[in-house]
Amino acid sequence: MSRKVFFDTDPGCDDAVMLAMALGHDEIDVVGLSTVCGNTTIENTTQNTHAILELGGYDVPVARGCGRPLVDDLDTAEWIHGENGLHGDLPDVDVDTRDIHGADAITEAAREYGDELTIAAVGPLPNLAIALAKEPRLPDLVEDIYLMGGAAMTSGNVTPMAEANFHNDPAAASRVIQDATTRMVGLDVTNRATVAPEFIEEFREAGGVRGTIAEWLDYRPDSGTYPLSDAPAIHDAAVVADIIDESVLTFEEYYLDVDTTGGPCHGAVICDEHGTTDNEPNSRVAVDIDVRRYREVLETGVRAYASA
Ligand code: BDR
Ligand code: CA
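## Considerations on the coordination of the calcium ion (ligand 2)
No. 1: Within the first shell, the calcium ion (ligand 2) binds the protein through Asp-10 (OD), Asp-15 (OD), Asp-15 (OD), Val-122 (O) and Asp-236 (OD), at distances of 2.3 to 2.6 Å.
No. 2: All donors to the calcium ion (ligand 2) come from one chain, and their sequence spacing reads D-x4-D-x106-V-x113-D. Here the residue Asp-15 occupies a position in helix H1 (residues 13-24), and Asp-236 occupies one in the loop between helix H11 (208-217) and helix H12 (237-244), the gap between them amounting to 221 residues. Exposure class is identical for Asp-15 and Asp-236. Each is buried.

## With respect to the site of ligand 1
No. 1: Neighbouring residues of ligand 1: Asp-14, Asp-15, Asn-39, His-81, Val-122, Met-148, Asn-157, Glu-163, Ala-164, Asn-165, His-235 and Asp-236.
No. 2: Here an oxygen atom of ligand 1 and a side-chain polar atom of Asp-14 are 2.6 Å apart.
No. 3: Between an oxygen atom of ligand 1 and a side-chain N or O atom of Asn-157, the distance comes to 2.9 Å.
No. 4: Protein contacts shield 94% of the accessible area of ligand 1, which totals 280 Å² for the unbound molecule.

## Looking at the packing of H12 against helix H13 (residues 291-307)
No. 1: It is at 9 Å that the axes of H12 and H13 come closest, and there the two elements cross at 90°. Relative to H13, the element H12 lies roughly perpendicular. Along the contact surface, H12 presents Ala-237, Ala-238, Ala-241 and Ile-244, while H13 presents Tyr-294, Val-297 and Leu-298.
No. 2: Of the residues that constitute the contact of H12 with H13, the class distribution is seven nonpolar, no polar and no charged.

## Observations concerning the state of the cysteines
No. 1: Inspection of the entire model under this criterion finds zero disulfides.
No. 2: Not engaged in a disulfide, the cysteine Cys-13 finds its nearest cysteine sulfur in Cys-37; these two sulfurs lie 17 Å apart.
No. 3: According to the relative accessible area criterion, Cys-13 is buried, its value standing at 0%.
No. 4: Considering cysteine sulfurs only, Cys-66 is the nearest to Cys-37, which forms no disulfide, with 6.9 Å between them.

## Regarding the packing of helix H4 (residues 102-113) against helix H5 (residues 126-134)
No. 1: With their axes 8 Å apart at the nearest point, H4 and H5 run at an angle of 60° to one another. By the criterion of interaxial angle, the relationship of H4 to H5 is oblique. The interaxial crossing formed by H4 with H5 has right-handed handedness. When H4 is examined against H5, the residues Ala-103, Asp-104, Ile-106 and Thr-107 are found in contact with a partner set consisting of Asn-127, Leu-128, Ile-130, Ala-131 and Lys-134.
No. 2: Residues that form the contact of H4 with H5 fall into these classes: five nonpolar, two polar and two charged.

Calculation rules
Residues take numbers from 1 onward in each chain, read along the sequence in its written order. Naming scheme: in the order in which they are written, chains are lettered from A and ligands are numbered from 1. It should be noted that, the model being predicted, local features are given only for residues of pLDDT at least 70 and side-chain atom pairs only at 80 or more, the latter also being counted only at that level, while totals for whole chains, interfaces and linings use all residues. Think of the side-chain values as coming from all heavy atoms in the structure, minus any hydrogens and water. Listed donor atoms are N, O and S within 2.8 Å of the metal (Na, K and Ca: 3.2 Å). As water is not included, a site may look incomplete. A helix here means a DSSP run of H or I that spans at least four residues, while a strand means a run of E at least two residues long, and both kinds are numbered starting from the N terminus. Per-residue accessibility, obtained with a 1.4 Å probe over protein chains only, is compared with the maximum for each type, and a residue is labelled buried under 20%, exposed over 50%, and partly exposed between these values. A molecule or strand has a residue near it when one of that residue's heavy atoms lies within 4 Å. What qualifies as a polar contact is a pair of N or O atoms within 3.5 Å, subject to a donor-acceptor requirement within protein and to the restriction that residues adjacent in sequence count only when both atoms come from side chains. Computed with the Shrake-Rupley method and a 1.4 Å probe, the accessible areas treat only the protein chains shown as cover for residues. Axis definition: a line fit to C-alpha positions, over the contact stretch in the case of helices; interaxial angles, taken between N-to-C directions, run 0 to 180 degrees. The cut-offs work like this: below 35 degrees is roughly parallel, past 145 is roughly antiparallel, 65 to 115 is roughly perpendicular, and the gaps in between are oblique. The contact definition used throughout considers only heavy atoms, calling two residues in contact when any of these lie within 4.5 Å. Just so you know the grouping, Ala, Val, Leu, Ile, Met, Phe, Trp, Tyr, Cys and Pro go in nonpolar, Asp, Glu, Lys and Arg go in charged, and all remaining residues, Gly too, go in polar. Two cysteine sulfurs form what is called a disulfide whenever their separation falls within 2.5 Å. A clockwise turn of the near helix away from the far one marks a right-handed crossing, whereas an anticlockwise turn of less than a right angle marks a left-handed crossing.

Here it is as structure tokens:
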């Protein structure tokens, strides 16, 4: 039976691969999307989301969400993801968003689908933080909440300590970690969520939709080398792989905090690995990834999207 998933996303090349994979895979039913600023502006992430749907021939309702972090200034990453935040040859689409804010669309889906629904938030977290503020019972309504973000027991990718999504909105990340028990899928595992070079080459040579997907898969900073991994890590796709096959990621329970104090650790996750705070665990943290199975699930979903 396919799992119903609502995505809160900021495409972004790894978001685009994740959406292609989820849209294509038989075992995921994408019931709705909300957009958030992050890799690029909210205008671009919303436009890119529509382009990803159009490219694969899918029709899923999109709600535009927050255009800036709750407290901090937005720090976009076009230098990695491309001029408009997404590489590749994209269709020129009309943006046709729903008449509802992204934060409210999350809660609406939770009320509609209840414990059949999984929420996957793979960008900065202002939409989810606002949804939780407006409806504190949200975590009890749904089956699961996955986050791509944070670095629990490893270093960061935008500062020595902080991962991009949490660093872009530390206040929102902090609220979400306090307000919900989530599955935090951070750099601890996603730095290893790379794809096989042969898969990228096959798609590049095929051209067309596959050629555009190859551009998403092979996204790199202007410098040409990717931080912390030997190939581009498709961070957000690790979430979908585990929703499809729960053997992909291994989780352990820990008490987490997010630093919001504005110093050198701003946006970093503090993971109580050794139980020194005496606080009960408040999160499930991904600590290992089966890369072979992750790649299989990703390839299955992406191939189906490309053939739709
Ligand atoms: C995360 O930050 C964004 O740049 C990516 O889309 C991913 O969600 C990785 O740190
Ligand atoms: Ca993302």
